[in-house]
Every structure is written in structure tokens, then in C-alpha cells.
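Letter by letter, the chains look like this.
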Amino acid sequence: MEEPFVTFETGGTKTQKRKIPLGILVSGNGSNLQSLIDRIEDGTLDAEIRIVISNNPEAYALERCRKHNIRTAVVDHRDFQTREAFDRRMIEILADSKVELVAMAGFMRVLTPVFFKAFPMKIMNIHPALLPSFPGIHAQKKAADYGVRFSGCTVHFADEGMDTGPIIIQAVVPVYDDDNGESLAERILKEEHRIYPQAIQYYAEGKIDVIGRKVRIQGIPRSPEKPLYNPPLMNQFALGPG
Ligand code: GAR
């Protein structure tokens, strides 16, 4: 029997914006974290970062927080005997910080059901590929090695699977013959910095509904119906009957 659809509506009203209390999980450089900080500071993202948690004490993301007076916590996974115990410690900190939405921003640990139960449909993740293609680590290198002509990035709600939750927004970039994992990662990262703040802003404006595994975003225009080709079509094909 098919499971009944579960519908989640994000808080807030359609007309009244509110500042979403955010908790951000990081492991490394934190350029996505920086893009969220920048959009909050320039007033385009209605959120406040209550806490940034890093599992890596050396993460440069922590330094970025220091520069912007953002509270941080290091929860080093190596100090915990089980994944569940690690998750429980993070849940405690997020709850103490009164976080509503958790954003994983280059967070390289797998979370357990304990964590998902604490924040049902309240955890976003950014992934450097067009999911469901290339889940898991080294997604950009896998895409370049595979020879796909387009890749991109995905913001989605995280669920218990590996990069499987409902998709909120995707950006597409071309992949060129001379790309490798690094050059592709650089092209994709620029788009990550655009779509992550946008996804969270949709949430802040109460525009996101999750129906089953599909996300509906209310009150926004459709993307133009404009196909992309890579390599480009020769004129006689581009202009021919469609
Ligand atoms: C980003 O490309 C992000 O999409 C990716 O790690 C990078 C972190 O960069 N995340 C994953 O691969 C998660 N599976 P950042 O620390 O500069 O934001």
C-alpha cells in the first residue's frame, strides 16, 4: 500500500517575513556559510545565525564566524562512541540555541535517524551535483569523469537517505571537455552561493510546502521554458521546427 502523503508547511505568513533562527553545520572552508552571512548582512536573507557547529576543530568556517561575531561550537565526532551520541550532542546545542532550521553547509558527516526525528523537514543540505545524480562525496569529480554535459547543485531537505530528500532548488552549469573535478567544483560553487540563500529565503517567507517527496514553492513565476544544449546546436538545428 502506498504511504499517505505527509504535508509540511513552513511557518510564517505569506505577507509577513520573519527572521528564521538558523543553525548551520560545517566541516571545512565554509564558503557557503559565508554566502549566508553576506546575504543576512546585506538584508536579502531574513535569517539570523544562532549557532554554527563544526565537527572539525580546524575548519576555516570557524574563523569566518569569529570575524562576524557568530557563536560557534565544536562537536568533534572523534570524541563520541556512536553516531547517535554525536547527533544527540548537536541536537542539545541546537535546541539550547533555539534553532528552527538547520542548514548543512559542507557538513561531511552522515546523520542518524535520531537527528532527523528532532528536526523533521527542518534540515536543508546543499549538494554539488544535480541530484539524484552523483550523491555522496566527490560529486564534482564523479560528474566530470562520467562525461555528463551538464551538472550543477541542489538544495534539498535532508532525510535519512544519502542526499535523497525533497528538492527545493537546482542550478545547472555546463561541463566542458577540458574540465576536471576541480574546475567543475569551482563553477558549481558560484551557483551554490546563489541558490542556498534563495532556498532559505523561500522558507523564511513561508513559501515552501512539502507534499510527499515534492516541494512546491508558492507565488513565484515559472522558470522560462528555455532548453539548454551542450554542445550548442548548429544553426540549422537550433532554428528548425521544434
Ligand atoms: C560544497 O561544494 C558543498 O556543496 C559540498 O562541500 C562543499 C563545501 O564547501 N558538500 C558536499 O559535498 C556534501 N555532500 P564550503 O565549505 O566552502 O561551503
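Basis of the calculations
Residues numbered from 1 in each chain as written. Predicted model: local features only at pLDDT ≥ 70, side-chain atom pairs only at ≥ 80, totals over all residues. Heavy atoms only, no water. Helix = DSSP H or I, 4+ residues; strand = E, 2+ residues; numbered from the N terminus. Rg over C-alpha atoms; globule rule 2.2 N^0.38 Å. Buried < 20%, exposed > 50% of the residue type's maximum accessible area, 1.4 Å probe, protein only. Contact = heavy atoms within 4.5 Å. Areas by Shrake-Rupley, 256 points an atom, 1.4 Å probe, with all protein chains shown as cover. Lys, Arg positive; Asp, Glu negative; His and termini not counted. Charge placed at Lys NZ, Arg CZ, Asp CG, Glu CD. Phe/Tyr/Trp six-rings, centres within 6.5 Å; stacked < 30°, edge-to-face > 60°. Salt bridge = Lys/Arg side-chain N within 4 Å of Asp/Glu carboxyl O. Near = heavy atom within 4 Å. Polar contact = N/O pair within 3.5 Å; in protein donor to acceptor, adjacent residues only side chain to side chain. 1 Å grid on protein atoms, 1.4 Å probe; cavity = no way out; pocket = protein on both sides within 12 Å on 5 of 7 lines; lining within 4 Å. Sits in = over half its atoms within 2 Å of the grid points. Nonpolar A, V, L, I, M, F, W, Y, C, P; charged D, E, K, R; others polar. Core = buried A, V, L, I, M, F, W, Y, C linked by side-chain atoms within 4.5 Å. Axes fitted to C-alpha atoms, helices over the stretch in contact; angles between N-to-C directions. Parallel < 35°, antiparallel > 145°, perpendicular 65-115°, else oblique. Left-handed = near helix turned anticlockwise from the far one by under 90°.

1. Brief notes about the overall build of the chain
Here's step 1: Along its length, the chain carries 7 helices and 10 strands.
Here's step 2: A compact globule built from 242 residues should have a C-alpha radius of gyration of about 18 Å, and the chain, at 19 Å, falls within 12% of that.
Here's step 3: Seen through its principal axes, the chain has C-alpha atoms that stretch 60 × 45 × 40 Å.
Here's step 4: Split into buried and exposed, the 242 residues of the chain put 46% on the buried side.
Here's step 5: A sequence separation of at least 24 residues applies to 66% of the contacts in the chain between residues at least 6 apart.
Here's step 6: About 13600 Å² of surface is accessible on the chain, with carbon and sulfur atoms providing 53% of the total.
Here's step 7: Here the chain contributes 30 positively and 31 negatively charged side chains, and the mean placements of these two sets differ by 3 Å.

2. Considering the packing of aromatic side chains
Here's step 1: Taken as a whole, this structure holds 3 aromatic pairs when the rule is applied.
Here's step 2: Ring geometry for Phe80 versus Phe86: centroids 5.9 Å apart, planes at 65°, classification edge-to-face.
Here's step 3: Geometrically, the ring pair formed by Phe134 and Tyr146 is edge-to-face, given 5.8 Å between the ring centres and 65° between the ring planes. With Phe134 in the loop between strand E6 (123–127) and helix H5 (139–146) and Tyr146 in helix H5, this residue pair connects regions lying 12 residues apart in the sequence.
Here's step 4: The buried category is assigned to Phe134, whose relative accessible area is 16%.

3. Some words on helix H1 (residues 31–41)
Here's step 1: Turning to H1, its buried residues are Ser31, Asn32, Leu33, Gln34, Ser35, Leu36 and Ile37.
Here's step 2: Here the buried face of H1 lies against strand E2 (20–26), strand E3 (47–54), helix H2 (60–67), E6 and helix H6 (181–204).
Here's step 3: Just beyond H1, the residue with positive phi is Gly43, at close to 85°.

4. With respect to the side chain of Ser27
Here's step 1: Within the secondary structure, Ser27 sits in the loop between E2 and H1.
Here's step 2: The class for Ser27 is buried, based on a relative accessible area of 10%.

5. Some details on the pattern of salt bridges
Here's step 1: Overall, the coordinates contain 11 salt bridges when judged by the stated rule.
Here's step 2: For the salt bridge of Asp42 with Arg39, the shortest nitrogen-to-oxygen distance reads 2.6 Å.

6. A word on the site of the ligand
Here's step 1: Taken together, Asn29, Gly30, Ser31, Asn32, Gly106, Met108, Ile126, His127, Pro128, Gln140, Leu189 and Glu192 are the residues near the ligand.
Here's step 2: Take Ser31: an N or O atom from its side chain is 2.6 Å from an oxygen atom of the ligand.
Here's step 3: Contacts to the ligand include Glu192, whose side-chain N or O atom sits 2.7 Å from an oxygen atom.
Here's step 4: Judged by the fraction of its atoms near the pocket grid, the ligand is located in the largest pocket.
Here's step 5: Contributing elements (two or more residues each) for the shell around the ligand: H1, E6 and H6.
Here's step 6: For the shell around the ligand, the per-class residue count stands at 4 nonpolar, 7 polar and 1 charged.

7. Things to note about the nonpolar core
Here's step 1: Ranked by size, the top nonpolar core spans 48 residues in total, and within it Ile24, Met124, Ile168 and Ile208 carry the most contacts.
Here's step 2: Per element, the largest residue contribution to this core is 9 residues, and it comes from H6.

8. Details of the environment of Gly219
Here's step 1: Relative to the helices and strands, Gly219 resides in the loop between strand E10 (214–217) and helix H7 (235–238).
Here's step 2: C-alpha of Gly219 to C-alpha of Tyr203: the two residues are 16 residues apart in sequence and 12 Å apart in space.

9. Overview of the packing of H1 against H6
Here's step 1: Contact geometry for H1 and H6: axes closest at 9 Å, N-to-C directions at 50°. When the axes of H1 and H6 are compared, the pair comes out oblique. Considering only the axes of H1 and H6, their crossing is right-handed. Judged by residue contacts, Ser31, Asn32, Ser35, Leu36 and Arg39 of H1 engage Leu189, Glu192, His193, Tyr196, Pro197 and Ile200 from H6.
Here's step 2: Looking at side-chain class alone, the contact of H1 with H6 contains 5 nonpolar, 4 polar and 2 charged residues.

That is the geometry; function is a separate question.
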